[in-house]
Amino acid sequence: MADHVQGLAQLEILCKQLYETTDTAVRHQAEKALVEFTNSPDCLSKCQLLLERGSSSYSQLLAATCLSKLVSRTSNPLPLEQRIDIRNYVLNYLATRPKLAAFVTQALIQLYARITKLGWFDCQKDDYVFRNVIADVTRFLQADTTHPLTKHRKIASSFRDSSLFDIFTLSCNLLKQASGKNLNLNDESQHGLLMQLLKLSYNCLNYDFIGTSTDESSDDLCTVQIPTSWRSAFLDSSTLQLFFNLYHSIPPSLSPLVLSCLVQIASVRRSLFNNAERAKFLSHLVDGVKRILANPQCLPDPNNYHEFCRLLARLKSNYQLGELVKVENYPEVIRLIANFTVTSLQHWEFAPNSVHYLLSLWQRLAASVPYVKATEPHLLETYTPEVTKAYITSRLESVHVILRDGLEDPLDDAGLVQQQLDQLSTIGRCEYEKTCALLVQLFDQAAQSYQELLQSTNSSAADITVQEGRLTWLVYIIGAVIGGRVSFASTDEQDAMDGELVCRVLQLMNLTDSRLAQAGNERLELAMLSFFEQFRKIYIGDQVQKSSKLYRRLSEVLGLNDETMVLSVFIGKIITNLKYWGQCEPITSKTLQLLNDLSLGYPSVRKLVKLSAVQFMLNNHTSEHFSFLGINNQSNLSDMRCRTTFYTALGRLLMVDLGEDEDQFEQFMLPLTAAFETVAQMLSTNTFNEQEAKRTLVGLVRDLRGIAFAFNAKTSFMMLFDWIYPAYMPILQRAIELWYHDPACTTPVLKLMAELVHNRSQRLQFDVSSPNGILLFRETSKMITTYGNRILTLGEVPKDQVYGVKLKGVSVCFAMLKAVLSGNYVNFGVFRLYGDDALDNALQTFIKLLLSIPHSDLLDYPKLSQSFYSLLEVLTQDHMNFIASLEPHVVMYILSSISEGLTALDTMVCTGCCSSLDHIVTYLFKQLSRSTKKRPAPMASDDRFLHIMQQHPEMIQQMLSTVLNIIIFEDCRNQWSMSRPLLGLILLNEKYFADLRNSIVNSQPPEKQQAMHLCFENLMEGIERNLLTKNRDRFTQNLSVFRREVNDSMKNSTYGVNSNDMMS
């Protein structure tokens, strides 16, 4: 007994150290000791002791957590009686200890929920002992990891069908009782009880009804898939009325939860109602919203305000404008909503994250105007301009206050600004004449004030900054509303209005550019680039009619008669920015992106190359003219990324008239030739400035990668290839040898090589007598081997640095090897024939690198997983003999990685795994078929591979089970890919498939077992024991029918279809 007490005290000390100490070493030590405790055989009894006698909340939390792990255990699970005892103990413990710390109560409730969920299908004497949730919890109130995903889904579905509606009804009834009583909400226990009731209602409404777990980032597009069996609760207006009444009767601290419930209720799927029922439901909903707007006392609370904005947004995301205008009080409600929106926008500093929902509502309303067929007036022509005006004027007025009070400037949050501008682009296009008139008036005032301040000798810098801030907002907004043209059928008059706005921005640009030698404003320049990007999308390119009135207006005001002259303004701005803002990374990168976008369209490129400014860039791309190309010792190596974008655009422009002119190409490459010679000279001496050499090389390889990416035609790419090989390839290899440990240097070199070996648009086509394909592969193999062998010498890399230091380079090597193996310009058979070990070296290095990476990392880093699985697909397709010759532990590693990849969220990874598995299974099937026939003796590697598979049948069987479960129970987004390996898996494991089929059939309710059995029969109908294409295609067709029939069989008839036709 004394030992128990002493052990208990020791555990409490460890818990305290784990949760309270600031000393990392002590915390790690405590964590290690507690992990050992969790795995100890007497953990269960000690957990009970901790709960009974523990003096600290931390020890109680530890006990609850350990018990959760014990009941979740899949190997050696706890017996049924023991789990029942734990469940009963937890309920009694909660009932008898009302003053537990909140986090302990939560952990114990989660333990109870975990026991209930995992034991949902467990029987004791024909009784589902864990399903009496409501009865158990009611008694409690009166007293005052891993299972397969499919099993979780089945449990969740059964719980939904048998208990969830009863729980929701219970919560609503208790809320009605509570609202009928005069509760003393200052009493902590009564306040807490009401809060938990509201949370229970919300969790019922927020349940994952159809197993699709919506992405929270798409909050405004959410539809709640309420079962049809719940219709009565929503057809009865008292449910809706209950929550609106609660909102007005309870304190602001609880009302956000009520509004959250209303948001869910407003989002129930449309198909739950017929048209008349939906109109009635919407009418009650709008009445409730009107009542809140008429009595806005609680809305100053930020949480209430946020949830109410979400509720308003759902009015349009779930209902059509044609339905809204038919609501009796629509004119009054739309007026109140408009006033609320205008007031909210004017108080820009209050809850800025909620504005998104208001703008979302008005954006959807404005977008629906052209489609509405109802005869009732929608009144948006009256209220939308008010919203537009409120947004624009409030942003302008905020500039002065932000500067005066030193507040955070919303313009610094580029993502938020862009999101709001996208919404405004649609809102502003509704009644566009009023929007333009307002923008012209405000712009003229601000521009005139700005000009006067610049000309005045005694103007303060603060006043100039305020005017620049106002102009920044106006330029952003003008760009946005011009971009909004794409959403509406535009008229000549609106194009002329666009012309008015464009003229003003270009005149402002001329003014600011003339001052760049003295001063410039970074935010204003970024706004200009945003404007140019929108202008380019709408008015530059072959889809624009050249008779557009915009060009007529530009001609009248600025003398820009056609698209070529406008393009010259673009290029002039780009060159100006690169000249004056070369050290400002945000402006440089956005400017170069604009140049890159201009170089993509064929009609505009033909016009661009005729401009003298573009010819100047093609002939003078040196640091003397473009400072960002210089090697600044203060800058970071990663800051040179924009150089690739620059040279991609230049490469495209050069290709227009390059043809086969090698002299012109040599002339263009002169600066790069000089840079390579400089690096070669540095590396040839023993003493050189390492930093300077690195900077020169990194800049150079980034430039070359841009050119290589742009040269996607055979003629131009061959010029580049002959220029770089063999003269400069040794320098790249030497850089990898010297600086393998510095990813800022090696990654750009590896990426250049990966681009050079990529047969983009079939550009790598060597002449029949040329050995260049093989020579290029040798260089690739040498680089992969050099880098791979050296990076493995680094040993253990800290977890937080492992991607940057090691895995990123490994990922690029995998991508490089995949590109060269699938490029179709090398015959890989000749390497073994002539005793060349280049292929073998590359593949062996791949295996070494792969084995140094934990399985979890392969899926944790998206770029690594995509490059690995696409390479594996190529290897299993064309180099299966190599895979078959690997050691057993390597084969098992690869098969495990495929097995894990099958359930990856990334569809590309999952599809690659299916393809790789198909190649492996096909290879195995062929080998087995061959071994049963009288054929020449197979190679030793074939025998070895077959032997490994026969030794470990569970691996292939597990993958068969995984694929079948995904197809039957999950949202299978790549059904065709899944079907290809499945037939081979079934033919290799016919007995296991039969057992699996019986298991799935028996897991169904008795009345559905016959239908499920028939589905499996139909799946294999007409399928022969071979993997010929014809047989595979028949199986794929059967599988498609099988999946549809199984889903129909399993689907509860209480589900309707989600209709989301929200455009009108």
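The rules behind these values
Residues numbered from 1 in each chain as written. Predicted model: local features only at pLDDT ≥ 70, side-chain atom pairs only at ≥ 80, totals over all residues. Heavy atoms only, no water. Helix = DSSP H or I, 4+ residues; strand = E, 2+ residues; numbered from the N terminus. Rg over C-alpha atoms; globule rule 2.2 N^0.38 Å. Buried < 20%, exposed > 50% of the residue type's maximum accessible area, 1.4 Å probe, protein only. Areas by Shrake-Rupley, 256 points an atom, 1.4 Å probe, with all protein chains shown as cover. Lys, Arg positive; Asp, Glu negative; His and termini not counted. Charge placed at Lys NZ, Arg CZ, Asp CG, Glu CD. Polar contact = N/O pair within 3.5 Å; in protein donor to acceptor, adjacent residues only side chain to side chain. Contact = heavy atoms within 4.5 Å. Axes fitted to C-alpha atoms, helices over the stretch in contact; angles between N-to-C directions. Left-handed = near helix turned anticlockwise from the far one by under 90°. Core = buried A, V, L, I, M, F, W, Y, C linked by side-chain atoms within 4.5 Å. pLDDT = per-residue confidence, 0-100. Expected span 1.5 Å × (residues − 1). Nonpolar A, V, L, I, M, F, W, Y, C, P; charged D, E, K, R; others polar. Phe/Tyr/Trp six-rings, centres within 6.5 Å; stacked < 30°, edge-to-face > 60°. Lys NZ or Arg CZ within 6 Å of the ring centre and 35° of its normal. Salt bridge = Lys/Arg side-chain N within 4 Å of Asp/Glu carboxyl O. Patch = residues over 30% accessible without salt bridge, like charges linked within 9 Å, V, L, I, M, F, W, Y side chains within 5 Å.

**Student:** Explain the overall build of the protein to me, using residue names and the numbers behind them.
**Tutor:** If you tally the helices and strands in the protein, you get 49 helices and 2 strands. Relative to a compact globule of 1064 residues, whose C-alpha radius of gyration would be 31 Å, the protein shows 34 Å and is just as compact. Structurally, the protein occupies a C-alpha span of about 90 × 85 × 65 Å along its principal axes. Per-residue burial for the protein yields a buried fraction of 52% across its 1064 residues. Approximately 48,800 Å² of the protein is accessible, and the part contributed by carbon and sulfur atoms is 50%. Averaged over its 99 positive side-chain charges, the protein has a centre that lies 4 Å from the centre of its 110 negative ones.

**Student:** Kindly report on the side chain of Ser260, identifying the contributing residues and their values.
**Tutor:** Here Ser260 lies in helix α12 (residues 255-266). In terms of polar contacts, Ser260 uses its side chain to reach the side chain of Glu307, at 3.2 Å. Setting aside chain neighbours within four positions, we find Ser260 in contact with Tyr202 and Glu307.

**Student:** Account for the packing of helix α33 (residues 729-739) against helix α34 (residues 743-756), naming residues and giving values.
**Tutor:** In the contact formed by α33 and α34, the axes pass within 10 Å of each other and the chain directions differ by 145°. The chirality of how α33 crosses α34 is left-handed. Counting all contacts with α33, which are made through Met729, Leu732, Ile736 and Trp739, the residues of α34 involved are Cys745, Thr746, Val749, Leu750, Leu752 and Met753.

**Student:** Talk me through the nonpolar core; I want residue IDs and the actual numbers.
**Tutor:** Where a protein is soluble and globular, its nonpolar side chains tend to be buried together. Counting 356 residues, the largest nonpolar core has Phe234, Trp362, Phe646, Leu720 and Leu821 as the members making the most contacts within it. No other element matches helix α21 (residues 461-483), which puts 12 residues into this core. In this structure, Phe646 is in contact with Leu578, Leu592, Leu595, Met617, His621, Phe626, Phe628 and Leu629, ignoring residues within four places of it in sequence.

**Student:** Let's hear about unusual backbone geometry: which residues, and what values?
**Tutor:** Cis rather than trans, the peptide bond between Tyr725 and Pro726 has omega equal to 5°. Tracing the chain through its elements places Pro726 in the loop between α32 (714-724) and α33. Look at Leu379: it is not a glycine, yet its phi comes out positive at around 65°. If you trace the backbone, Leu379 turns up in the loop between α17 (355-368) and α18 (380-405). With a phi close to 55°, Gln762 is a non-glycine residue in the positive phi region. Tracing the sequence through the fold places Gln762 in the loop between α34 and α35 (772-791). A relative accessible area of 44% means that Gln762 is categorised as partly exposed.

**Student:** Which residues make up the confidence of the model for the protein, and what values go with them?
**Tutor:** Atom-level detail of predicted coordinates should not be read off regions where pLDDT is low. Chain-level pLDDT for the protein is 84 on average; 92% of the residues reach the 70-or-more range. Confidence drops under pLDDT 50 across residues 214-218; counting only partners more than four residues distant or on other chains, this segment forms 1 contact. Every residue in residues 1052-1064 is under pLDDT 50, and counting partners more than four places away or in other chains gives 42 contacts.

**Student:** Report on helix α6 (residues 102-118), specifying residues and quantitative values.
**Tutor:** Helix length check: α6, at 17 residues, gives a terminal C-alpha distance of 24 Å against a target of 24 Å (1.5 Å per residue), a fit within 8%. Within α6, burial applies to Val104, Ala107, Leu108, Leu111, Tyr112, Ile115, Thr116 and Leu118.

**Student:** Can you break down the packing of helix α13 (residues 275-294) against helix α14 (residues 302-317) residue by residue, with the values?
**Tutor:** Helices that pack against each other are described as a pair by the angle of their axes relative to one another and the distance between those axes. Orientation of α13 relative to α14, taken along the N-to-C sense of each, is 145°, at an axis distance of 12 Å. The handedness of the crossing between α13 and α14 is left-handed. Of α14, the residues touching α13 (which contributes Leu285, Val286, Val289, Ile292 and Leu293) are Phe308, Leu311, Leu312 and Leu315. Looking at the contact of α13 with α14 residue by residue, the class counts come to 9 nonpolar, no polar and no charged.

**Student:** Can you lay out the packing of aromatic side chains for me, pointing to particular residues and giving the numbers?
**Tutor:** What the rule picks out here adds up to 38 aromatic pairs. Centre to centre, the rings of Trp723 and Tyr728 are 5.0 Å apart; their planes meet at 55°, and the pair counts as tilted. A relative accessible area of 7% places Tyr728 in the buried class. Members of the aromatic cluster, connected to one another through ring pairs, are Phe531, Phe532, Phe535, Tyr539 and Phe570. The ring of Tyr432 carries Arg429 above its face, with NZ or CZ at 3.9 Å from the centroid.

**Student:** Pulling in residues and values, what's your account of the side chain of Ser961?
**Tutor:** Among the structural elements, Ser961 can be located in helix α45 (residues 953-969). On the accessibility criterion, Ser961 (16% relative accessible area) is buried.

**Student:** With reference to specific residues and values, describe the pattern of salt bridges.
**Tutor:** This model, assessed by the stated rule, comprises 34 salt bridges. The residue Glu332 makes a salt bridge to Arg335 at a minimum N-O spacing of 2.7 Å. Residue Glu332 and its partner Arg335 are both found in helix α16 (residues 330-346); the two are separated by 3 residues, about one turn of the helix. The exposure class of Arg335 is partly exposed, given its relative accessible area of 30%. For the salt bridge of Asp498 with Arg429, the shortest nitrogen-to-oxygen distance reads 2.9 Å. Here Asp498 is found in helix α22 (residues 492-514), whereas its partner Arg429 is found in helix α19 (residues 414-429), with 69 residues between them in sequence. Both residues of the pair, Asp498 and Arg429, belong to the buried class.

**Student:** Residues and numbers for helix α38 (residues 838-851), please.
**Tutor:** Each turn of an α-helix holds 3.6 residues, which means side chains three or four residues apart point in the same direction. The first and last C-alpha atoms of α38 sit 20 Å apart over 14 residues, in line with the 20 Å expected at 1.5 Å per residue. Residues Ala838, Leu839, Ala842, Leu843, Thr845, Phe846, Ile847, Leu849 and Leu850 constitute the buried set of α38.

**Student:** Quick one: what's the story with a negative patch on the surface, residue by residue and with numbers?
**Tutor:** Judged by side-chain charge, Glu660, Asp661, Glu662, Asp663, Glu666 and Asp722 come together as a negatively charged surface patch. It is helix α30 (residues 662-684) that contributes the most residues to the negative patch, 3 residues altogether. Inspection of the secondary structure assignment puts Glu660 in the loop between α29 (642-658) and α30.

**Student:** Give me the environment of Asp422: which residues, what numbers.
**Tutor:** Relative to the assigned elements, Asp422 resides in helix α19. A relative accessible area of 40% places Asp422 in the partly exposed class. In the structure, Asp422 is positioned 62 residues away from Ser360 in sequence and 9.8 Å away in space, judged by C-alpha atoms.

**Student:** Describe the environment of Glu873, and please don't skip the residues or the numbers.
**Tutor:** With respect to the helices, strands and loops of the structure, Glu873 is situated in helix α40 (residues 862-878). Residue classification places Glu873 among the partly exposed residues on the basis of a relative accessible area of 26%. Excluding residues within four positions of it along the chain, Glu873 makes contact with Gly912, Ser915, Ser916 and His919.

**Student:** Pulling in residues and values, what's your account of the environment of Thr382?
**Tutor:** Positionally, Thr382 belongs in helix α18. For the pair Thr382 and Glu431, spaced 49 residues apart in sequence, the C-alpha to C-alpha distance is 8.8 Å.

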